[in-house]
Amino acid sequence: MSGELHPFDISWLRLMAAAVLVLVALALSLWQRLGLGKGLVVGAIRATVQLVAVGYVLVWLFAADRWYLVLAVLGLMVAVATHTAARRQAKGAAERRTILPIAGLAILAGAGLTLAYVTAVVIHVSPWYNPRYLIPLFGMIVANSMNAAALALERLASEMDAHRAEVEAWLALGATPGQASAEAARRATVAAMIPAVNALAVVGVVSLPGMMTGQILAGADPALAVRYQLVVMFMLTAATGITAAIAVQAYRRTFFTPAAQLKPRAPA
Amino acid sequence: MRSELRPAAAGLAAEAAFRLRGVRQVRDGRTTLDGIDLDLPRGGFTALIGPSGSGKTSLLRLLNRLDDPASGTIEFLGRPIAEYRVRELRRRIGFVFQAPVMFPGTVLANLQAAHGLAKAEVPPVDESGARELLALAGLDPDFVGRQALDLSGGEKQRVALARALTTAPEVLLLDEPTAALDPEVADRLVHTLSELRVSRSLTMVMVTHRLREARIAATYVAMLEAGRVVEAGEAGALLREPQQARTRAFLQAGEGELG
């Protein structure tokens, strides 16, 4: 797939050799009766099929070189991420109607703004829709935004549930819903951002980022790979923060009526 | 059957702080209030009594719009309460919860919370103001610097009472404020409330399951059962000679329980 770079090629035969590594885990599972055999086999096959398919989509996308196709793929990524982030929190149909647009808005804004800034201001991608840059960058951003949205929604719901008495005590003193839920919102936003903050602290010491490693393996100058990795880390931090903040601010309103009343708990 | 449940004409106060008509409430598909007609006298101390699950707390929560009724009308000083701006209504009608909620920080910080929410509408509380409020609520003014979360249940409830007074309310709604307290502590708190009503010209509405407290402080009593008003009237007369058999039964059971 790579044109200008010349890493050692991995033929299909050599890929089969790599698959032997899964057999090691499979043997361990059988020997120790871990019951993971089926999951391992299905997982390995799924991963292969999905990634090969994505590879062909990328080949096709790079060759087609059309801005609207790139935007369509980005849109699809946002849609899948939104669905995944909302799925855990939304139990009923009514909740889904509430949460889906919130998760969608938060992910779209957080990931979209970050991608626009990074490609336009930092990397100067040309043409602006160049799929070789936009698709992988957006993939990383959207995955982080998705996790941030899911964490923020889940944590806010549990904070609002655990602190109903405190929220109502604030309302009874004349607080706005925003004031009454300020502490819950703060905790939910922090919870959603902690993974990004921790990642910044340990990168290069505890973890060697996959993207940087991949670039180096693919033949890139390590100094450039490092700079790219830093751009990625900063960009993921921004995306996480924007997504978490929007998700929390939009979601917390849904816990109150227009008359600043805490809605009753949804029946279990 | 239905007309018997209406409060006697004599039980309707001349000047009502709250006027409820045909109030129904539904929670989780269960009817908690089923056609409440009730006037709560201005400047009075109303005790809402009745067995648990009779709808007392549901009713109380309607009066400062922590909840809205499913149907029916509620007036505060002659105007439908939905016509007031809700935040202003809640500053004028304070609420003391059954389990006091302290905000993290000092007692002083708790007493400054309402000002922090609406700087233009609620006057600031300095330390001497806070000490006065604590004294009014029957707590040692030196508590002003203590950590609110470290206080005992009775102390917290008094801080909650003082905090409710920081918005200079005309009405205090009290939801079983003594439920978690020892009987003696509870009695003293009810005496404090009774004195506050007079010294601050407050209208008090208290949910209680302790008849003793109704006898100490109430000027007016409404007996609820299964979401309806069984009877309502002047406290002395109602507690001495209830007109309804179910009120009599409830009062007798209560006397036996509390000795």
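All values reported here derive from a predicted model rather than from experimental measurement.

Engineer: Is there a simple way to explain the overall build of chain A in this structure?
Structural biologist: For chain A, the count of helices and strands is 10 helices and 0 strands. For chain A, the succession of helices and strands along the chain, N to C, is α-α-α-α-α-α-α-α-α-α. For chain A, the spread of C-alpha atoms along the principal axes amounts to about 70 × 55 × 35 Å. Sorting the 268 residues of chain A into buried and exposed places 35% on the buried side. Intrachain contacts of chain A at a sequence separation of at least 6 include 72% that bridge at least 24 residues. Roughly 15,400 Å² of accessible area belongs to chain A as shown, and the carbon and sulfur atoms make up 70% of that amount. If you average the places of the 20 positive and of the 11 negative side-chain charges in chain A, the two averages end up 6 Å apart.

Engineer: Would you take a moment to explain empty space enclosed by the protein for this structure?
Structural biologist: Where empty space is left becomes clear once a probe the size of a water molecule has been rolled over the atoms. A complete count under the given rule lists 3 cavities of 30 Å³ or more for this structure. Roughly 110 Å³ of volume is contained in the largest cavity. If you trace the largest cavity, you find 16 residues lining it, with Leu173(A), Phe95(B), Ala160(B), Arg163(B) and Ala164(B) closest to the centre. Take the lining of the largest cavity: its biggest share by element is 4 residues, from helix H6 (residues 153-165) of chain B. Looking at the lining of the largest cavity residue by residue, the classes come out as 11 nonpolar, 3 polar and 2 charged.

Engineer: Even after reading the chapter, I still don't get the sheet that holds strand E7 (residues 171-175) of chain B, so can you show me in this structure?
Structural biologist: In any sheet, the strands associate via hydrogen bonds between backbone groups, in a parallel or an antiparallel arrangement. Residues and elements named next belong to chain B. Reading across from one edge, E6-E7-E8-E3-E9-E10 is the order of the 6 strands in this open sheet, with mixed pairing throughout. Sheet topology places strand E6 (93-96) and strand E10 (228-234) at the edges, where each strand pairs with a single neighbour. The mean inter-strand angle of the sheet, taken between neighbouring strand axes irrespective of direction, is 15 degrees. The pairing of strand E3 (residues 45-49) with strand E9 (residues 220-225) spans 4 bridges and is parallel. For Ala-47, the partnering residue across the bridge sits in E9 and is Val-221.

Engineer: Would you mind showing me how to read the interface of chain B and chain A here?
Structural biologist: Buried accessible area, meaning the area lost when the parts come together, often serves as the stated size of an interface. Contacts between the two partners involve 23 residues from chain B and, on the opposite side, 17 residues from chain A. Contact between chain B and chain A buries roughly 1,800 Å² in total, counting both sides, with carbon and sulfur atoms accounting for 61%. Together, Arg90(B), Phe103(B) and Leu117(B) form the three largest contributors to the area buried by chain B at its contact with chain A, with a combined 34%. Here chain B is connected to chain A by 1 salt bridge. With a closest N to O distance of 2.6 Å, Arg61(B) and Glu168(A) form a salt bridge. On the surface where chain B and chain A come into contact, there are 7 residue pairs in polar contact (both at pLDDT 80 or more). Elements supplying a minimum of two residues to the side of chain B that touches chain A: helix H2 (86-92) and helix H4 (113-117) of chain B. Among the residues making up the side of chain B that touches chain A, the classes are represented as 10 nonpolar, 3 polar and 10 charged.

Engineer: Is there a simple way to think about the pairing of E9(B) in this case?
Structural biologist: Consecutive side chains along a regular strand alternate between the two faces of the sheet. Residues and elements named next belong to chain B. Within E9, 5 of the 6 residues are buried, which leaves it mostly tucked inside the rest of the structure. With 6 bridges connecting them, E9 and E10 associate as antiparallel partners. Of the residues in E10, the one forming a bridge with Tyr-220 is Glu-234. From the end of E9 to the start of E10, which pair antiparallel, there are 2 residues, and Ala-226 there has a positive phi angle of about 50 degrees.

Engineer: Is there a simple way to explain the side chain of Asn64(B) in this structure?
Structural biologist: Tracing the chain through its elements places Asn64(B) in the loop between helix H1 (56-62) and strand E4 (71-76). Residue contacts for Asn64(B): discarding those within four places in its chain leaves Ala172(A), Leu89(B), Arg90(B), Ile93(B), Phe95(B) and Leu173(B).

Engineer: How do you make sense of helix H8 (residues 182-202) of chain A when you look at a structure like this?
Structural biologist: Helical geometry: 3.6 residues make up each α-helical turn, so side chains three or four residues apart lie on a common side. All names here are of chain A. With 21 residues, H8 ought to run about 30 Å at 1.5 Å a step, and its terminal C-alpha atoms sit 30 Å apart, in line with that. Buried within H8 we find Ala-184, Ala-185, Ala-188, Thr-189, Ala-191, Ala-192 and Ala-196. Elements in contact with the buried residues of H8: helix H5 (131-162) and helix H10 (222-253). One or two residues past the end of H8 sits Gly-204, with phi positive at roughly 85 degrees.

Engineer: Mind showing me how you'd approach the packing of H5(A) against H8(A) here?
Structural biologist: Helix-helix packing: each pair is described by the crossing angle between the helix axes and the interaxial distance. All names here are of chain A. Relative to each other, H5 and H8 sit at 150 degrees, their axes nearing to 8 Å. The orientation of H5 with respect to H8, classified from their angle, is roughly antiparallel. You can see that H5 and H8 cross each other, and the crossing is right-handed. Across the interface between the two elements, Ala-148, Leu-151, Ala-152, Arg-155, Leu-156, Glu-159 and Met-160 from H5 touch Ala-184, Ala-185, Arg-187, Ala-188, Ala-191, Ala-192 and Pro-195 from H8. Among the residues making up the contact of H5 with H8, the classes are represented as 11 nonpolar, no polar and 3 charged.

Engineer: Please clarify how a nonpolar patch on the surface should be interpreted in this entry.
Structural biologist: Residue and element names in this part refer to chain A. A contiguous nonpolar surface patch, about 500 Å² in accessible area, is contributed by Ile-10, Trp-12, Leu-15 and Tyr-56. For Tyr-56, the position within the fold is in helix H2 (residues 37-64). Owing to a relative accessible area of 55%, Tyr-56 belongs among the exposed residues under this scheme.

Engineer: I'm lost on the environment of Arg197(B) in this one. Help?
Structural biologist: Examined against the element boundaries, Arg197(B) turns out to sit in helix H7 (residues 183-199). Once residues within four sequence positions are removed from consideration, Arg197(B) is found in contact with Gly43(B), Gly44(B), Phe45(B), Leu202(B), Met204(B) and Thr219(B).

Engineer: I'm lost on the packing of aromatic side chains in this one. Help?
Structural biologist: All chains considered together, the criterion is met by 8 aromatic pairs over all chains. Note on Trp67(A) and Tyr68(A): the rings are 5.7 Å apart at their centroids and 85 degrees apart in plane angle, and the pair reads as edge-to-face. The class of Tyr68(A) is partly exposed, set by a relative accessible area of 43%. Pairing Trp170(A) with Phe103(B) gives two aromatic rings, centres 3.7 Å apart and planes at 5 degrees, and the pair type is stacked. In this pair, Trp170(A) is assigned in helix H6 (residues 164-172) and Phe103(B) in the loop between E6 and helix H3 (107-111), connecting two distinct chains. What makes Trp170(A) buried here is its relative accessible area of 17%. The rings of Trp67(A), Tyr68(A), Trp128(A) and Tyr129(A) are connected pair by pair, giving a single aromatic cluster. Across from the ring centre of Phe143(B), 4.6 Å away, lies the NZ or CZ of Arg146(B), which sits over that ring.

What counts and how
- Residues numbered from 1 in each chain as written.
- Chains lettered and ligands numbered in written order.
- Predicted model: local features only at pLDDT ≥ 70, side-chain atom pairs only at ≥ 80, totals over all residues.
- Heavy atoms only, no water.
- Helix = DSSP H or I, 4+ residues; strand = E, 2+ residues; numbered from the N terminus.
- Buried < 20%, exposed > 50% of the residue type's maximum accessible area, 1.4 Å probe, protein only.
- Contact = heavy atoms within 4.5 Å.
- Areas by Shrake-Rupley, 256 points an atom, 1.4 Å probe, with all protein chains shown as cover.
- Lys, Arg positive; Asp, Glu negative; His and termini not counted.
- Charge placed at Lys NZ, Arg CZ, Asp CG, Glu CD.
- 1 Å grid on protein atoms, 1.4 Å probe; cavity = no way out; pocket = protein on both sides within 12 Å on 5 of 7 lines; lining within 4 Å.
- Points joined across faces, edges and corners; volume = space filled by probe spheres on them.
- Nonpolar A, V, L, I, M, F, W, Y, C, P; charged D, E, K, R; others polar.
- Pairing = 2+ DSSP bridges.
- Axes fitted to C-alpha atoms, helices over the stretch in contact; angles between N-to-C directions.
- Buried area = accessible area lost by both parts, 1.4 Å probe.
- Salt bridge = Lys/Arg side-chain N within 4 Å of Asp/Glu carboxyl O.
- Polar contact = N/O pair within 3.5 Å; in protein donor to acceptor, adjacent residues only side chain to side chain.
- Expected span 1.5 Å × (residues − 1).
- Parallel < 35°, antiparallel > 145°, perpendicular 65-115°, else oblique.
- Left-handed = near helix turned anticlockwise from the far one by under 90°.
- Patch = residues over 30% accessible without salt bridge, like charges linked within 9 Å, V, L, I, M, F, W, Y side chains within 5 Å.
- Phe/Tyr/Trp six-rings, centres within 6.5 Å; stacked < 30°, edge-to-face > 60°.
- Lys NZ or Arg CZ within 6 Å of the ring centre and 35° of its normal.

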